[in-house]
Amino acid sequence: GIQVEQSPPDLILQEGANSTLRCNFSDSVNNLQWFHQNPWGQLINLFYIPSGTKQNGRLSATTVATERYSLLYISSSQTTDSGVYFCAVDASNTGKLIFGQGTTLQVKP
Amino acid sequence: DAGVTQSPTHLIKTRGQQVTLRCSPKSGHDTVSWYQQALGQGPQFIFQYYEEEERQRGNFPDRFSGHQFPNYSSELNVNALLLGDSALYLCASTMTGLSAFFGQGTRLTVV
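1. Section: the sheet that holds strand β7 (residues 64-68) of chain B
All names here are of chain B.
Turning to step 1, where the next piece is worked out: Pairing is antiparallel in the open sheet, where 4 strands are placed in the order β1-β3-β8-β7. Two strands bound the open sheet, and with one partner strand each, they are β1 (5-7) and β7. Averaged over all pairs of adjacent strands, the angle between their axes in this sheet comes to 20°, without regard to strand direction.
Turning to step 2, where the next piece is worked out: Examined bridge by bridge, β7 and strand β8 (residues 74-78) share 5 bridges and lie antiparallel to one another.

2. A short note on the pattern of salt bridges
Turning to step 1, where the next piece is worked out: One pass over the structure, following the stated rule, counts 5 salt bridges over all chains.
Turning to step 2, where the next piece is worked out: Among the ionic pairs, A:D81 bridges to A:R58, the shortest N-O distance being 2.8 Å. Residue A:D81 is found in the loop between β8 (69-74) and β9 (83-90), and its partner A:R58 is found in the loop between β6 (52-56) and β7 (59-64); the two are separated by 23 residues along the sequence.
Turning to step 3, where the next piece is worked out: Taking relative accessible area as the criterion, A:D81 reaches 7% and is therefore assigned buried.
Turning to step 4, where the next piece is worked out: Taking relative accessible area as the criterion, A:R58 reaches 25% and is therefore assigned partly exposed.
Turning to step 5, where the next piece is worked out: The residue B:R63 makes a salt bridge to B:D85 at a minimum N-O spacing of 2.9 Å. With B:R63 in the loop between β6 (53-57) and β7 and B:D85 in the loop between β8 and β9 (87-94), this residue pair connects regions lying 22 residues apart in the sequence.

3. A look at the packing of aromatic side chains
In this description, an aromatic ring pair is defined by two values, namely the gap between the centres and the angle between the planes.
Turning to step 1, where the next piece is worked out: One pass over the structure, following the stated rule, counts 9 aromatic pairs over all chains.
Turning to step 2, where the next piece is worked out: Considering the side-chain rings of B:Y35 and B:F102, the 5.5 Å spacing of their centres and the 50° angle between planes classify their relative orientation as tilted. Remark: B:F102 occurs in strand β10 (residues 101-102) and B:Y35 occurs in strand β4 (residues 31-37); sequence separation between them is 67 residues. In terms of burial, B:Y35 and B:F102 fall into one category: buried.
Turning to step 3, where the next piece is worked out: A centroid spacing of 5.2 Å and a plane angle of 65° characterise the contact between B:F60 and B:F64, whose relative ring orientation is edge-to-face.
Turning to step 4, where the next piece is worked out: What makes B:F60 buried here is its relative accessible area of 15%.
Turning to step 5, where the next piece is worked out: Joined through ring pairs, the aromatic side chains of A:F35, A:F86, A:F99, B:Y35, B:F45 and B:F102 make up one cluster.

4. Some remarks on the interface of chain A and chain B
Turning to step 1, where the next piece is worked out: On the chain B side, the residues contacting the 20 residues of chain A number 23 residues.
Turning to step 2, where the next piece is worked out: When residues of chain A are sorted by the area they lose upon contact with chain B, A:T94, A:K96 and A:Q101 head the list and together hold 26% of the total.
Turning to step 3, where the next piece is worked out: Taken together, the links from chain A to chain B amount to 0 salt bridges.
Turning to step 4, where the next piece is worked out: Our count for the contact surface shared by chain A and chain B stands at 9 residue pairs in polar contact (both at pLDDT 80 or more).
Turning to step 5, where the next piece is worked out: Within the residue set of the side of chain A that touches chain B, elements represented by two or more residues are β4 (31-37) and β5 (43-48) of chain A.
Turning to step 6, where the next piece is worked out: When its residues are assigned to classes, the side of chain A that touches chain B shows 7 nonpolar, 12 polar and 1 charged.

5. Thoughts on empty space enclosed by the protein
Turning to step 1, where the next piece is worked out: Under the definition given, this model contains 1 cavity of 30 Å³ or more.
Turning to step 2, where the next piece is worked out: Taken as a whole, the largest cavity spans an internal volume of roughly 40 Å³.
Turning to step 3, where the next piece is worked out: Along its surface, the largest cavity is lined by 11 residues, and A:N31, A:D90, A:G95, B:T94 and B:L98 are the ones closest to its centre.

6. Details of the state of the cysteines
Turning to step 1, where the next piece is worked out: Considering all chains together, one arrives at 2 disulfides over all chains under this definition.
Turning to step 2, where the next piece is worked out: Disulfide pairing places A:C23 opposite A:C87 at an S-S distance of 2.0 Å. Across the disulfide from A:C23 to A:C87, rotation about the S-S bond amounts to roughly -50°, and the bridge is consequently left-handed. With A:C23 in strand β3 (residues 19-25) and A:C87 in strand β9, the pair connects residues that are 64 residues apart, well separated along the chain.
Turning to step 3, where the next piece is worked out: Residue pairing for B:C23: its cysteine sulfur links by disulfide to B:C91, the two sulfurs lying 1.8 Å apart. Its torsion about the S-S bond being -60°, the disulfide of B:C23 and B:C91 is classed as left-handed. In this pair, B:C23 is assigned in strand β3 (residues 19-24) and B:C91 in strand β9, connecting sequence segments 68 residues apart. You'll find B:C23 and B:C91 in the same group, each marked buried.

Basis of the calculations
- Residue numbering note: each chain is counted from 1, following its sequence as written.
- For this description, chains carry letters from A and ligands carry numbers from 1, given in the order in which they are written.
- Per-residue local features of the predicted model are confined to residues with pLDDT of at least 70, and side-chain atom pairs are confined, for both listing and counting, to 80 or more; whole-chain, interface and lining totals are unaffected and use all residues.
- Note: side-chain values were computed over all heavy atoms of the structure, leaving out hydrogens and water.
- DSSP calls a pair of strands paired once it identifies at least 2 bridges connecting them.
- Helix numbering and strand numbering both begin at the N terminus, where a helix is a DSSP run of H or I of at least 4 residues and a strand a DSSP run of E of at least 2.
- Lines fitted to C-alpha atoms define the axes here, with helix axes fitted over just the stretch in contact, and angles between the N-to-C directions of these axes take values from 0 to 180 degrees.
- Whenever a carboxyl oxygen of Asp or Glu lies within 4 Å of a side-chain nitrogen of Lys or Arg, that contact is scored as a salt bridge.
- Three exposure classes are used, based on accessible area relative to the maximum for each residue type with a 1.4 Å probe and protein chains only: buried under 20%, partly exposed in between, and exposed over 50%.
- Classification of ring pairs rests on two measures: the distance between centres of Phe, Tyr or Trp rings, Trp counted by its six-membered ring, which must be within 6.5 Å, and the angle between planes, read as stacked under 30 degrees, edge-to-face over 60 and tilted in between.
- Two residues qualify as a contact provided that any one of their heavy atoms is within 4.5 Å of a heavy atom in the partner residue.
- Once two parts are brought into contact, the accessible area they lose, counted with a 1.4 Å probe and summed over both, makes up the buried area.
- By the criterion applied in these results, polar contacts are pairs of N or O atoms within 3.5 Å in which, for protein atoms, one can donate a hydrogen and the other can accept it, and in which residues neighboring in sequence qualify only through two side-chain atoms.
- Amino acids outside the nonpolar list (Ala, Val, Leu, Ile, Met, Phe, Trp, Tyr, Cys, Pro) and the charged list (Asp, Glu, Lys, Arg) are all regarded as polar, and Gly is one of them.
- In this analysis, the protein atoms alone were mapped onto a 1 Å grid. Cavities are point sets where a 1.4 Å probe fits without being able to get out; pockets are open sets with protein on both sides within 12 Å along at least five of seven lines; lining residues have an atom within 4 Å of a point.
- Grid points are joined across faces, edges and corners, and a volume is the space filled by probe spheres set on the points.
- What counts as a disulfide here is a pair of cysteine sulfur atoms lying within 2.5 Å.

Okay, here's the thing in structure tokens:
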């Protein structure tokens, strides 16, 4: 089955710094989503981005489907950005998501 | 729009018992998927329901079963609970080809 790898596994930043999270996947996908998991466990949708670039405030994402990777950019990080970021892909267009292991981000004041 | 809602939020069960978790999908969504997330891991796909049928299944034993009702809500049942079943159980709803939205999860502890 398809493999999803995220890097780095852990990231510590000072407030105000920028960061880039990476997601590599091993096969073609129909759907790719980025999520932020809050301390209470809920997965918050950040981007639905099977290809191209999208921006939402301080966050943006780019997926290069032909090269099988996606990047999540966080600019001017805030302490509320702390948590685990997951990339998930759907290779069958049925809604079955395969998740990476996540990147744990800690933003220090 | 209430989004995806799950109940209960927390649950403690004894080994060997059975448990039922519930999920109401986001308005307009017809497909419900269940995921298990162990501590420190990414969510793992359990199964998916569409039109009241199990459409696809991940690598989970038959102790894990489910149901979808005509109003698209869903239940996850786990029989003969093991300590290793302790996890966060997440429900996601979607319409085919569109974004999946997740509920807040049910944290199950088996003692």
